[in-house]
There are 2 protein chains.
Amino acid sequence: MTDFTATRALFHLPDGICYLDGNSLGPLPKAAEARMREAITSEWGEMLITAWNRAGWMDLPRKVGDRVGRLIGAAPGTVVMGDTLSIKVFQALSAALQLVPDRKVVLSDSGNFPTDLYMAQGLIGALGQGYELRVVAPDEVEAALTDEVAVMMLTQVDYRTGRMHDMAHLTRAAQAKGIAVVWDLAHSAGAVPVDMAGSNAEFAVGCTYKYLNGGPGAPAFIYARPDISERVAPILSGWLGHEAPFAFDPDYRPGMGIDRMRVGTPPVLQLAALDAALDAWDGVDMADLRTRSVALCERFIAGVEASCPDLTLVSPRDAAQRGSQVSFAFENGYAAMQALIADGVIGDFRAPDVMRFGFTPLYTSDADVDHAVEVLARILRDRLWDKPEYHQRAAVT
Amino acid sequence: MTDFTATRALFHLPDGICYLDGNSLGPLPKAAEARMREAITSEWGEMLITAWNRAGWMDLPRKVGDRVGRLIGAAPGTVVMGDTLSIKVFQALSAALQLVPDRKVVLSDSGNFPTDLYMAQGLIGALGQGYELRVVAPDEVEAALTDEVAVMMLTQVDYRTGRMHDMAHLTRAAQAKGIAVVWDLAHSAGAVPVDMAGSNAEFAVGCTYKYLNGGPGAPAFIYARPDISERVAPILSGWLGHEAPFAFDPDYRPGMGIDRMRVGTPPVLQLAALDAALDAWDGVDMADLRTRSVALCERFIAGVEASCPDLTLVSPRDAAQRGSQVSFAFENGYAAMQALIADGVIGDFRAPDVMRFGFTPLYTSDADVDHAVEVLARILRDRLWDKPEYHQRAAVT
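Residues numbered from 1 in each chain as written. Chains lettered and ligands numbered in written order. Predicted model: local features only at pLDDT ≥ 70, side-chain atom pairs only at ≥ 80, totals over all residues. Heavy atoms only, no water.

Visitor: If you had to explain the domain arrangement of chain A to someone new, which residues and values would you point to?
Guide: All names here are of chain A. Considered domain by domain, chain A is made up of domain 1 (4-29 + 285-391) and domain 2 (56-281). Summarising the inter-unit geometry, the C-alpha centres of domain 1 and domain 2 are found 28 Å apart. Of the residues lining the interface, 33 residues belong to domain 1; the matching set on domain 2 comes to 23 residues. At the boundary of domain 1 and domain 2, one finds zero salt bridges. (Domains from an automatic or database assignment. Contact = heavy atoms within 4.5 Å. Salt bridge = Lys/Arg side-chain N within 4 Å of Asp/Glu carboxyl O.)

As structure tokens, then:
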């Protein structure tokens, strides 16, 4: 059994804070502090330019990619790090469309994170030629898998509600219709067991600052199924995706395998932080993680439903259909979340009325859950959210 | 007069190292160490998700963009940070093409850094419809400005030779033919005075890990002339370029002004390092910088030509046509550079035979120049480069 008391000790958790927002930004792993000091002082400071070789900076996107790969069931050499999730969505979608050149429809759902839809809109606008983004409700995706559809692009776990698609089932259903598949694992990687290789999906993308605790602005990842990575021509054909970046050829020649999904100079400092953050996953069994995640979520749901009658569960009640977060709707949800934060319980809010709580077994304890329920119940019972300052919207909510 | 002895003291320069590769990776500014510690420990560690507002993370791309803008003659609010230079080239080129919709030719030159050409190739491949990348020799650009050309996309200072285009002149010549202009300032920003606003060019892009000392993988910048930034539809339409990112609209609506060139979640840790690195520029007069840069380069050229007859100057002899680097060709240049590095003098090598030396007034002294000349002369005179280990190519050269 994975020892989650031991993993909790690997994180810096501020005094007096009950942190249930690791699905937005994971907390600071203690190892990241030390690793960053080394990257800055010993590598950048002392080795200077030679650190690209001597400290292995150039290989970090692949090395860290393999570590992320292990957590999503991807074979070594099939995942690479870089850029942001938005950019990786653009790359994956553009590549997936090349696999089905005779069709023009990208199918997604209204539970997708907006940036995925926005990036698809930008790509489709550039491609012209009748390409179309078709967005249906999450439970209508399967019925919408027609032979017009080129690519099914979905986020597995809904950022608002935590509703989780059945990746294996939908992938099979799509591929049976000749449709290529792109999964966004932003709320899956490190949150639930993922079996990329077993799913047979063509592409996956995700970010690493949520459940993987890589720090603010940590780089994204992209996975390509090994048999198709060399069948696609990268649209973002940057020099580090070139077969021989330091040959400085005037013409782009795509690199081997997943390397062609690299673009520009990698963010070494962010990668160093992420690399250290991934140490916390050494020895973590993803089945154990899932068991703990479900237990934490169920405990929270039971507690809130027993003591907060004004809140309505918007996450699926069936744990099998839920990621590692729980969301409740409440018309004064924004103000109630501000009141909670003011009292040291940090979740977050998603428009129009969703109070969102992330449960992250690496460092969330039963006591955290019970404390959060108690504070939330008090805020609702005593209408503590009804103060003017809690209704002022900040830039980032 | 700018005090360059004072600015040198702001950097960590390793003992026994003479660093002439700041045109590839600037050294560690002492302020960056402290700022990173704060960003990691106090902001990420203690404020967690609330740091997006409380520590101003969400505004960093604009705030740091304004600081970079000052160094390239751009007005506040016209520069934003993010991603890599490759991505910013893609954005700028795609936007510039929209300004001249009836033409299909992108003109560049063979002195451009390969990734700029690669990204143009990727974009043009996606656009189809007869778009063409036309690459001419650097001294043939002006003659190639025909009424077929939609966009002139050039790197001002050649990464191999240091040859510098006349930005104002070429921009005028291009615009007189109805051509939109994209300048890559990778080897200009912090190296030579740049007057973006005065040039009237539509777009500029650049990186910040060279002369701006932002650290390995520091984010890139993009400038758009204020009157045209809202005339273009971003192809990389990410959520942070949306008019209201936290409204989570299903449809992309571009943000105001340069904000629409933001894409995904910004790399906060890299931005913190860069922000601190920019402190070194407070009070630096760019005319003083240029005077010192020319003096350092001339001193190096004179010294090498007097003592290293085997080397051939490939940089322009006229300082007015040269950036802040000096390159010499030598058939055993790779091995000679390895021998130099082994002796503590760090420059770099660019295929096929170019030994490249960057001169960065903020921390390069006359004594550094004289020492580099002396070591180089000894290596050549005594053929110290002719050892097997100096001929083994590393991954990054």
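Visitor: How would you explain the sheet that holds strand 7 (residues 149-155) of chain A if you had to name every residue and give the values?
Guide: Residue and element names in this part refer to chain A. Sheet architecture is open: seven strands sit in the order 4-10-9-8-7-5-6, paired in mixed fashion. The sheet is open, and its two edges are formed by strand 4 (79-82) and strand 6 (132-136), each paired on a single side. Sheet twist, expressed as the mean angle between neighbouring strand axes with direction ignored, is 20°. As judged from the five bridges shared by strand 7 and strand 8 (residues 180-184), these two strands associate in the parallel manner. Bridge pairing links Thr-155 to Asp-184 in strand 8. Contacts from helix 5 (residues 85-99) reach strand 4, strand 5 (105-109), strand 7, strand 8, strand 9 (203-206) and strand 10 (220-224) within the one sheet, and its direction differs from that of strand 9 by about 170°. (Pairing = 2+ DSSP bridges. Helix = DSSP H or I, 4+ residues; strand = E, 2+ residues; numbered from the N terminus. Axes fitted to C-alpha atoms, helices over the stretch in contact; angles between N-to-C directions.)

Visitor: Let's hear about the UniProt feature "modified residue: N6-(pyridoxal phosphate)lysine" (unreviewed entry) in chain A: which residues, and what values?
Guide: UniProt annotation of "modified residue: N6-(pyridoxal phosphate)lysine" (unreviewed entry) refers to Lys-210 of chain A when read in the numbering used here. Setting aside residues no more than four positions away along its own chain, Lys-210 of chain A makes contact with Gly-22, Asn-23, Ser-24, Gly-26, Ala-186 and His-187 of chain A. (UniProt positions renumbered as here; feature names shortened; annotations may be inferred.)

Visitor: Tell me about the UniProt feature "binding site: pyridoxal 5'-phosphate" (unreviewed entry) in chain A, and please be specific about residues and values.
Guide: As recorded in UniProt, the sites labelled "binding site: pyridoxal 5'-phosphate" (unreviewed entry) are Leu-85, Ser-86, Phe-113, Pro-114, Thr-115, Asp-116, Thr-155, Asp-184, His-187, Tyr-209, Trp-239 and Thr-265 of chain A. These residues run over 181 residues, and the two farthest C-alpha atoms among them are 30.1 Å apart, placing them at more than one spot. Taken from the residues named earlier, the lining of the largest cavity is made up of Thr-265 of chain A. You can see Tyr-209 of chain A is positioned in the loop between strand 9 and strand 10. Its relative accessible area of 13% is what places Tyr-209 of chain A among the buried residues. If near-sequence neighbours (up to four positions away) are discounted, Tyr-209 of chain A is found in contact with Ser-24, Leu-25, Gly-26, Gly-214, Gly-215, Gly-217 and Ala-218 of chain A together with Thr-265 of chain B. Tracing the chain through its elements places Trp-239 of chain A in the loop between strand 10 and helix 9 (268-277). Leaving out residues up to four positions away in the same chain, Trp-239 of chain A has contacts with Pro-245, Phe-246, Phe-248, Val-263, Gly-264 and Thr-265 of chain A together with Ser-86, Phe-113, Thr-115 and Tyr-118 of chain B. (1 Å grid on protein atoms, 1.4 Å probe; cavity = no way out; pocket = protein on both sides within 12 Å on 5 of 7 lines; lining within 4 Å. Buried < 20%, exposed > 50% of the residue type's maximum accessible area, 1.4 Å probe, protein only.)

Visitor: Requested: an account of the relation of the copies chain B and chain A, with residues and values cited.
Guide: With an RMSD of 0.0 Å, chain B superimposes on chain A once it is rotated by 180° and translated 0.0 Å along the axis. Here the symmetry operator amounts to a two-fold rotation axis. With an isologous cut-off of 70% or more, the 100% of interface residues of chain B that recur at the interface of chain A puts this contact in the isologous class. (Least-squares fit on C-alpha atoms with pLDDT ≥ 70 in both.)

Visitor: Tell me what's going on with the packing of helix 2 (residues 30-47) of chain A against helix 9 of chain A, and back it up with residues and numbers.
Guide: All names here are of chain A. Packing of helix 2 against helix 9 brings their axes to within 8 Å, and their N-to-C directions diverge by 145°. Here helix 2 and helix 9 pass one another in a crossing that is right-handed. Between helix 2, through Ala-31, Ala-32, Arg-35, Met-36, Ala-39, Ile-40 and Trp-44, and helix 9, the contact on the second element is made entirely by Leu-269, Ala-272, Ala-273, Asp-275 and Ala-276. Looking at the contact of helix 2 with helix 9 residue by residue, the class counts come to 10 nonpolar, no polar and two charged. (Left-handed = near helix turned anticlockwise from the far one by under 90°. Nonpolar A, V, L, I, M, F, W, Y, C, P; charged D, E, K, R; others polar.)

Visitor: Could you give an account of the pairing of strand 10 (residues 220-224) of chain B, with specific residues and numbers?
Guide: Residues and elements named next belong to chain B. For strand 10, the tally of buried residues reaches five of five residues, placing the bulk of the element in the interior. Burial along strand 10 is two-sided: the residues Ala-220, Ile-222 and Ala-224 and Phe-221 and Tyr-223 are all buried. Sheet analysis places strand 9 (residues 203-206) next to strand 10, joined by four bridges and oriented antiparallel. Across the sheet, the residue bridging to Ala-204 is Tyr-223, located in strand 10.

Visitor: Describe the interface of chain B and chain A, naming the residues involved and giving the relevant values.
Guide: Taken together, the 80 residues of chain B in the interface contact 80 residues of chain A. Summing the contributions of chain B and of chain A, the shared interface buries around 6700 Å²; its carbon and sulfur component is 69%. In this structure, the connection of chain B to chain A is made through zero salt bridges. Between the two partners, chain B and chain A, sit 33 residue pairs in polar contact (both at pLDDT 80 or more). For the side of chain B that touches chain A, the secondary structure elements donating two or more residues are strand 3 (28-29), helix 2 (30-47), helix 3 (51-54), helix 5 (85-99), helix 6 (114-127) and helix 9 (268-277) of chain B. The element that contributes the greatest number of residues to the side of chain B that touches chain A is helix 6 of chain B, accounting for 10 residues. Each residue belonging to the side of chain B that touches chain A can be placed in one class, and the counts come to 48 nonpolar, 24 polar and eight charged. (Buried area = accessible area lost by both parts, 1.4 Å probe. Polar contact = N/O pair within 3.5 Å; in protein donor to acceptor, adjacent residues only side chain to side chain.)

Visitor: Account for unusual backbone geometry, with residues named and values stated.
Guide: Residue and element names in this part refer to chain A. A cis amide bond, omega 0°, links Ala-351 with the succeeding residue Pro-352. Along the chain, Pro-352 turns up in the loop between strand 14 (348-350) and strand 15 (354-358). Of note, the phi angle at Asp-83 is positive, near 60°, even though the residue is not glycine. Residue position: Asp-83 is located in the loop between strand 4 and helix 5. Residue classification places Asp-83 among the buried residues on the basis of a relative accessible area of 14%. Even without being glycine, Asn-213 reaches a positive phi, approximately 60°. The topology assignment puts Asn-213 in the loop between strand 9 and strand 10.

Visitor: So, the packing of aromatic side chains: which residues are in play, and what are the values?
Guide: According to the stated counting rule, one finds 31 aromatic pairs over all chains in the structure shown. Where Trp-239 of chain B meets Phe-248 of chain B, the ring centres are 6.3 Å apart and the plane angle is 25°; that geometry is what we call stacked. Phe-248 of chain B gets classed as buried once you look at its relative accessible area, which sits at 5%. For the pair Phe-246 of chain B and Phe-248 of chain B, a centre-to-centre distance of 5.8 Å together with 85° between the ring planes defines the contact as edge-to-face. Of the two residues, Phe-246 of chain B and Phe-248 of chain B, both sit in the buried class. Taken together, Phe-113 and Tyr-159 of chain A together with Trp-239, Phe-246 and Phe-248 of chain B form an aromatic cluster joined through their ring pairs. (Phe/Tyr/Trp six-rings, centres within 6.5 Å; stacked < 30°, edge-to-face > 60°.)

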